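For reference, the chains in residue letters:
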There are 4 protein chains.
Amino acid sequence: MASKAFYAVVAGVGAGTGRSVALRFAQSYPVVLLARKPESYQDIVSEIKQAGGEAFGFSTDTSDPSSVKSAFDSIKKELGDKKLAAAIYNVGAGFAVKPFLELTADDLEGSLGGSAKGLFNFAQATLPGLLESVGTAPHPPTLIITGATASVRGSARFATFAAGKFAARALGQSLAREFGPKGVHVAHVIVDGAIDIPRTKSYNVNEGKEDGKINSDAIADSYWHLHTQHRSSFTQELDLRPYVEKF
Amino acid sequence: MASKAFYAVVAGVGAGTGRSVALRFAQSYPVVLLARKPESYQDIVSEIKQAGGEAFGFSTDTSDPSSVKSAFDSIKKELGDKKLAAAIYNVGAGFAVKPFLELTADDLEGSLGGSAKGLFNFAQATLPGLLESVGTAPHPPTLIITGATASVRGSARFATFAAGKFAARALGQSLAREFGPKGVHVAHVIVDGAIDIPRTKSYNVNEGKEDGKINSDAIADSYWHLHTQHRSSFTQELDLRPYVEKF
Amino acid sequence: MASKAFYAVVAGVGAGTGRSVALRFAQSYPVVLLARKPESYQDIVSEIKQAGGEAFGFSTDTSDPSSVKSAFDSIKKELGDKKLAAAIYNVGAGFAVKPFLELTADDLEGSLGGSAKGLFNFAQATLPGLLESVGTAPHPPTLIITGATASVRGSARFATFAAGKFAARALGQSLAREFGPKGVHVAHVIVDGAIDIPRTKSYNVNEGKEDGKINSDAIADSYWHLHTQHRSSFTQELDLRPYVEKF
Amino acid sequence: MASKAFYAVVAGVGAGTGRSVALRFAQSYPVVLLARKPESYQDIVSEIKQAGGEAFGFSTDTSDPSSVKSAFDSIKKELGDKKLAAAIYNVGAGFAVKPFLELTADDLEGSLGGSAKGLFNFAQATLPGLLESVGTAPHPPTLIITGATASVRGSARFATFAAGKFAARALGQSLAREFGPKGVHVAHVIVDGAIDIPRTKSYNVNEGKEDGKINSDAIADSYWHLHTQHRSSFTQELDLRPYVEKF
């Protein structure tokens with residue numbers, strides 16, 4: 001029961017979670033992909049179209065309010081009167097692993113910019129549309145935020161990365177408490193493990209055990225489940241990790 | 001793709017979550033229902049059978065190791081060589097809301113008995129079977145524990161109830177960390193709200209708003225999602241609450 | 001400014017935290033020591049007396065309501081009209097580290113008995129006295145509960161021990177929320193590391209680094225600080241761990 | 001036993017916590033006060049001097065790396081070869097309580113700037129000095145961070161304020177895990193209540209009950225306790241709240 005009247009938007013696409021989530025939501029909605037560079041979304045747009053879906057890509061720097069505004073102007077122009085069913089914030093940013101005294105103001109800015117400011121801009125751009133869809137969309141309109149281990153744990157050498165991820169979790173909680181009662185489902189997902197993508201092929205995690213890295217299609221299944229939850233039973237936060245992950 | 005070679009067992013059935021979970025899992029597996037009294041499971045067994053499924057009920061006091069042992073002996077006799085795919089611990093017990101100095105040793109015993117000892121006995125009875133099913137079951141064998149707000153918050157006047165629920169959460173975490181790496185998915189669900197069942201009809205929660213109480217079928221959908229998660233992406237804990245719930 | 005009109009009671013004394021806490025509180029109050037066996041408190045009673053303090057020991061099994069009742073009857077007889085200023089629950093119990101399927105019902109009972117039921121009995125016996133002292137005691141009357149890493153984390157192989165410790169933390173939260181507004185300070189302390197006592201001499205923790213095990217006198221200093229906090233600024237929970245501890 | 005060879009620095013002083021902490025640490029150390037405007041520290045400097053202590057004030061915008069650098073250059077010039085014993089980050093910033101869609105990029109920037117970037121700059125400026133003092137200072141060198149309810153809870157309408165406070169807590173955890181093993185004590189304090197200062201006189205909290213707002217001298221006592229903890233028994237996080245506060 002794909003819907004043509006509603007669309008989904010995914011910010012932060014590339015090889016892993018973003019791509020899988022876009023493909024999953026494209027089974028039911030036209031999907032808009034946002035990424036800084038066209039090469040991050042072009043192949044996914046093609047892939048979705050070849051599978052019979054609708055997809056659109058826009059170059060956007062979510063940490064820049066005017067870039068986000070311009071992207072959503074373009075979305076409006078391109079998608080016309082379609083309404084927003086789901087918005088996924090999956091922008092990865094500011095990953096720096098260094099002794100604290102070697103971290104720079106730029107490392108911190110990068111993390112806060114991508115994780116906190118980007119989410120702030122994205123939420124301000126999408127929440128009015130999500131609110132508008134309450135009551136008419138096939139499922140409760142949904143905003144999902146991709147978090148990480150560093151969303152709930154400030155590890156040694158991860159100071160700036162964790163700062164951004166904690167901040168994003170705070171935003172997610174505030175939004176859930178404000179917009180839940182209005183019918184918008186805001187969920188935060190703690191992805192606690194390495195994703196199985198080409199870039200992580202060489203990572204030696206969980207002793208190289210089979211399925212020791214997270215299959216991003218499995219993440220997408222959980223995001224879709226979140227989206228389809230009945231409004232009497234919303235999940236605000238869940239964790240995802242490989243069965244062999246230490247935690 | 002219902003499986004006849006595997007079964008699910010649900011401890012703690014009645015009007016709400018247990019019934020919905022049993023019905024949901026019965027779409028794919030023969031289901032065994034455990035409750036203290038036959039009247040708690042008889043109607044659900046009939047309902048599943050009428051819908052074309054298989055169901056069995058056994059009177060069991062999960063807080064009593066010998067009663068649990070006897071139930072699983074009966075299950076073995078009745079279900080023969082079927083293997084265990086999923087075990088859900090949903091026993092409600094020890095709900096007492098009183099000033100601390102009015103709570104009795106029995107209130108505490110009731111809560112620890114139903115929430116902690118019962119889960120301990122149930123987990124010891126089911127984990128060997130779940131381990132045996134690893135690799136052959138349609139989905140990673142799963143143990144799901146029903147928690148509550150009191151699993152993560154000791155509120156005033158809820159001392160004994162929270163003690164049992166915290167203890168069950170501890171057991172769940174330990175089991176997840178020990179059995180996850182062996183392929184068994186152990187998940188704990190925080191049900192943070194009143195369930196919409198006949199007994200709660202008169203509860204005035206969330207200002208009587210529509211869907212202000214949790215639809216137990218929606219809970220069952222999330223339990224089923226947990227059961228079907230890929231082993232590279234297990235959720236250990238999630239919360240479920242009505243969109244209008246304060247938290 | 002030692003007070004003779006008020007006393008403190010410490011349940012669970014032996015070589016480590018209990019002894020240090022008793023000595024620390026004995027600088028200001030007569031102290032009552034509770035332990036199962038006289039050999040656990042006799043030397044500490046002598047030590048306090050030799051230092052010019054007052055101390056009393058009673059054999060008590062805190063997990064048994066009648067044993068606790070009898071102990072507090074004896075306290076009343078012995079200490080007459082002294083009022084209660086502080087109660088510390090430091091009973092260690094149920095420490096079992098085993099694969100889950102090797103744990104027994106007795107392991108669970110031991111942990112729940114010592115950590116949850118014992119605290120329940122102790123709190124019921126001491127809270128009336130603590131309430132009575134509100135407003136007249138030198139500091140806000142205080143109930144302090146000794147927790148452990150297992151109070152907030154269910155590790156693999158620690159299932160039963162964590163169950164008891166989680167339950168005790170739940171009780172502590174409920175009591176803090178109920179009795180804080182009445183003027184009684186209820187605090188829970190997470191002792192996250194090995195204590196430096198004869199029994200742990202051989203433990204190889206933190207690579208044998210100096211001060212890699214917790215000095216129990218340092219714990220006692222923090223307990224005393226909790227006891228002396230102003231009622232406008234109560235701590236409900238704090239952690240204590242060696243500087244070199246991983247967490 | 002005041003030390004003249006070591007000093008303490010407090011960033012963020014005014015009527016409440018900062019002033020009390022400065023006065024408390026000035027009983028043992030010369031104290032440096034940092035605030036944006038001289039009027040925030042001048043009276044406290046005088047108060048400390050009149051009490052026989054040593055105090056210095058420097059106008060500093062902690063969110064600006066060059067301002068922080070310049071302040072610490074001035075400190076070095078003024079205090080010569082004194083070494084750093086304690087650094088307290090108490091900068092309040094970015095407090096905005098509004099519906100999310102009315103919050104602005106500036107609200108977010110203000111919160112992240114004061115809470116996250118300011119702490120980052122302050123920690124980079126003080127940690128080298130704290131490390132240098134390990135082993136010679138009277139107590140383990142200490143970095144204390146003032147947090148709030150919003151450090152652990154993103155409430156509705158507090159999105160940007162919570163983002164900054166969560167980020168600061170992340171930094172605190174990372175620093176504790178990196179610098180604890182090197183001998184520097186990093187602690188985060190959750191101040192969960194209104195402080196009793198002139199500005200909050202009109203706040204109607206906790207039904208106006210006596211001591212329903214936090215006495216900032218009581219906070220300072222807990223900060224001093226943190227500073228004097230033995231290195232085998234460091235607290236990483238504690239909460240402080242009035243006995244009548246709901247939580």
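Here, the structure is the one placed above.
Worth saying up front: this structure is predicted, and the values here are computed from it rather than measured.

**Student:** Just give me the short version of the interface of chain D and chain A, but keep the residues and values in it.
**Tutor:** At the junction of the two partners, chain D supplies 39 residues and chain A supplies 39 residues. In total, chain D and chain A occlude about 3,200 Å² of area from one another, counting both sides; carbon and sulfur atoms represent 70% of this. Taken together, the links from chain D to chain A amount to two salt bridges. The partner of Lys117 of chain D in a salt bridge is Glu109 of chain A, with the nearest N and O atoms 2.5 Å apart. Our count for the chain D to chain A interface comes out at 16 residue pairs in polar contact (both at pLDDT 80 or more).

**Student:** Tell me what's going on with the interface of chain B and chain C, and back it up with residues and numbers.
**Tutor:** How big an interface is tends to be reported as the loss of accessible area on association of its parts. Listed per partner, the contact involves 39 residues of chain B and 39 residues of chain C. Between chain B and chain C, roughly 3,200 Å² of surface is buried when both sides are summed, and carbon and sulfur atoms account for 70% of that area. Of all residues in chain B, the largest losses of buried area upon contact with chain C belong to Phe100, Phe120 and Phe166 of chain B, amounting jointly to 21% of the total for that side. In this assembly, chain B and chain C are joined by two salt bridges.

**Student:** Break down the pattern of salt bridges for me, with residues and values.
**Tutor:** Taken as a whole and assessed by the stated rule, the structure comprises 60 salt bridges over all chains. Note that Arg36 of chain B is salt-bridged to Asp61 of chain B, the shortest N-O span being 3.6 Å. In this pair, Arg36 of chain B sits in the loop between β2 (31–35) and α2 (38–50) while Asp61 of chain B sits in the loop between β3 (55–59) and α3 (65–79), placing the two residues 25 residues apart along the sequence. Look at Arg36 of chain B and you get exposed, because its relative accessible area is 59%. In this structure Asp61 of chain B comes out as partly exposed when scored by relative accessible area, which is 24%. Across the pair Arg24 of chain C and Asp221 of chain C runs a salt bridge whose closest N-O atoms are separated by 3.6 Å. A residue pair is termed long-range when its members are at least 10 positions apart, and Arg24 of chain C in helix α1 (residues 17–26) and Asp221 of chain C in helix α6 (residues 216–228) qualify at 197 residues.

**Student:** With reference to specific residues and values, describe the packing of α1 of chain C against helix α2 (residues 38–50) of chain C.
**Tutor:** Between two packed helices, both the angle of their axes relative to each other and the distance between the axes serve to describe the pair. All names here are of chain C. Axis separation between α1 and α2 bottoms out at 10 Å; the angle between their running directions is 25°. Between α1 and α2, the angle falls in the class roughly parallel. Where α1 crosses over α2, the two elements pack in a sense that is right-handed. Along the contact surface, α1 presents Arg19, Ala22, Leu23 and Ala26, while α2 presents Ile44, Glu47 and Ile48.

**Student:** Report on the pairing of strand β7 (residues 237–240) of chain D, specifying residues and quantitative values.
**Tutor:** Every other side chain in a regular strand lies on the same face of the sheet, so the side chains alternate between the two faces. All names here are of chain D. Residue alternation in β7 divides its side chains into two sets, Glu237 and Asp239 and Leu238 and Leu240, and both sets are buried. Relative to β7, strand β6 (residues 185–191) is paired through four bridges, and the arrangement is parallel. Bridge pairing links Val189 to Leu238 in β7. Once you follow β6 into helix α6 (residues 216–228) and on to β7, the crossover reads as left-handed.

**Student:** Got a sec to walk through the relation of the copies chain B and chain C? Specific residues and values, please.
**Tutor:** Superposing chain B onto chain C takes a rotation of 180° combined with a translation of 0.0 Å along the rotation axis, leaving an RMSD of 0.0 Å. Seen this way, the second copy is the image of the first under a two-fold rotation axis. Mapped onto chain C, 100% of the interface residues of chain B again fall at the interface, so both copies present the same surface.

**Student:** Lay out the packing of aromatic side chains with the relevant residues and their values.
**Tutor:** Enumeration according to the criterion identifies 32 aromatic pairs over all chains in this entry. Seen in terms of ring centroids, Phe100 of chain B and Phe179 of chain C are 6.4 Å apart; in terms of plane orientation they differ by 90°. Their pairing is edge-to-face. Of this pair, Phe100 of chain B sits in the loop between β4 (83–89) and α4 (105–133) while Phe179 of chain C sits in helix α5 (residues 159–179), which puts the two residues in different chains. Taking the relative accessible area as the measure of exposure, Phe100 of chain B reaches 1% and is therefore buried. Judged by its relative accessible area of 1%, Phe179 of chain C falls in the buried class. Ring geometry for Phe120 of chain B and Phe100 of chain C: centres 5.2 Å apart, planes at 75°, overall edge-to-face.

**Student:** Which residues make up the relation of the copies chain D and chain A, and what values do they have?
**Tutor:** Overlay of chain D on chain A (RMSD 0.0 Å): rotation 180°, translation along the axis 0.0 Å. Looking at chain D, 100% of its interface residues are interface residues in chain A too, so the copies touch through the same face.

**Student:** A description of the packing of helix α5 (residues 159–179) of chain A against helix α5 (residues 159–179) of chain D should follow, citing residues and the corresponding values.
**Tutor:** As a packed pair, α5 of chain A and α5 of chain D sit with axes 7 Å apart at the nearest point and diverge in direction by 145°. Here the hand of the crossing between α5 of chain A and α5 of chain D comes out right-handed. For the pair formed by α5 of chain A and α5 of chain D, the contact residues are Ala159, Thr160, Ala162, Ala163, Phe166, Ala167, Arg169, Ala170, Leu171, Gln173 and Ser174 of chain A on the first element and Ala159, Thr160, Ala162, Ala163, Phe166, Ala167, Arg169, Ala170, Leu171, Gln173 and Ser174 of chain D on the second. Taken together, the residues of the contact of α5 of chain A with α5 of chain D break down into 14 nonpolar, six polar and two charged.

**Student:** I'd like a rundown of the environment of Gln173 of chain D, residues and numbers included.
**Tutor:** In this fold, Gln173 of chain D is placed in helix α5. Residues Gln173 of chain D and Ser40 of chain D lie 133 residues apart in sequence; the distance between their C-alpha atoms is 29 Å. Apart from residues no more than four positions distant in its own chain, Gln173 of chain D is found in contact with Val152, Arg153, Gly154 and Phe166 of chain A together with Gln236 of chain D.

**Student:** Requested: an account of α6 of chain C, with residues and values cited.
**Tutor:** Here α6 of chain C contains 13 residues, and its C-alpha end-to-end distance of 19 Å stays within 8% of the 18 Å for a straight helix at 1.5 Å per residue. When you tally the buried positions in α6 of chain C, you get 10 out of 13 residues, the bulk of the element. Residues of α6 of chain C that are buried include every one of Ser216, Ala218, Ile219, Ala220, Ser222, Tyr223, Trp224, His225, Leu226 and His227 of chain C, and no others. Looking at the buried side of α6 of chain C, the elements it contacts are α1, β4 (83–89), β5 (142–148), β6 (185–191) and β7 (237–240) of chain C together with α6 of chain D. The opening residue of α6 of chain C, the one whose side-chain oxygen lies 2.8 Å from the backbone nitrogen of Asp217 of chain C, is Asn215 of chain C.

Conventions adopted
- Residues numbered from 1 in each chain as written.
- Chains lettered and ligands numbered in written order.
- Predicted model: local features only at pLDDT ≥ 70, side-chain atom pairs only at ≥ 80, totals over all residues.
- Heavy atoms only, no water.
- Contact = heavy atoms within 4.5 Å.
- Buried area = accessible area lost by both parts, 1.4 Å probe.
- Salt bridge = Lys/Arg side-chain N within 4 Å of Asp/Glu carboxyl O.
- Polar contact = N/O pair within 3.5 Å; in protein donor to acceptor, adjacent residues only side chain to side chain.
- Helix = DSSP H or I, 4+ residues; strand = E, 2+ residues; numbered from the N terminus.
- Buried < 20%, exposed > 50% of the residue type's maximum accessible area, 1.4 Å probe, protein only.
- Axes fitted to C-alpha atoms, helices over the stretch in contact; angles between N-to-C directions.
- Parallel < 35°, antiparallel > 145°, perpendicular 65-115°, else oblique.
- Left-handed = near helix turned anticlockwise from the far one by under 90°.
- Pairing = 2+ DSSP bridges.
- Right-handed = clockwise from strand over helix to strand, strands pointing away.
- Least-squares fit on C-alpha atoms with pLDDT ≥ 70 in both.
- Phe/Tyr/Trp six-rings, centres within 6.5 Å; stacked < 30°, edge-to-face > 60°.
- Nonpolar A, V, L, I, M, F, W, Y, C, P; charged D, E, K, R; others polar.
- Expected span 1.5 Å × (residues − 1).

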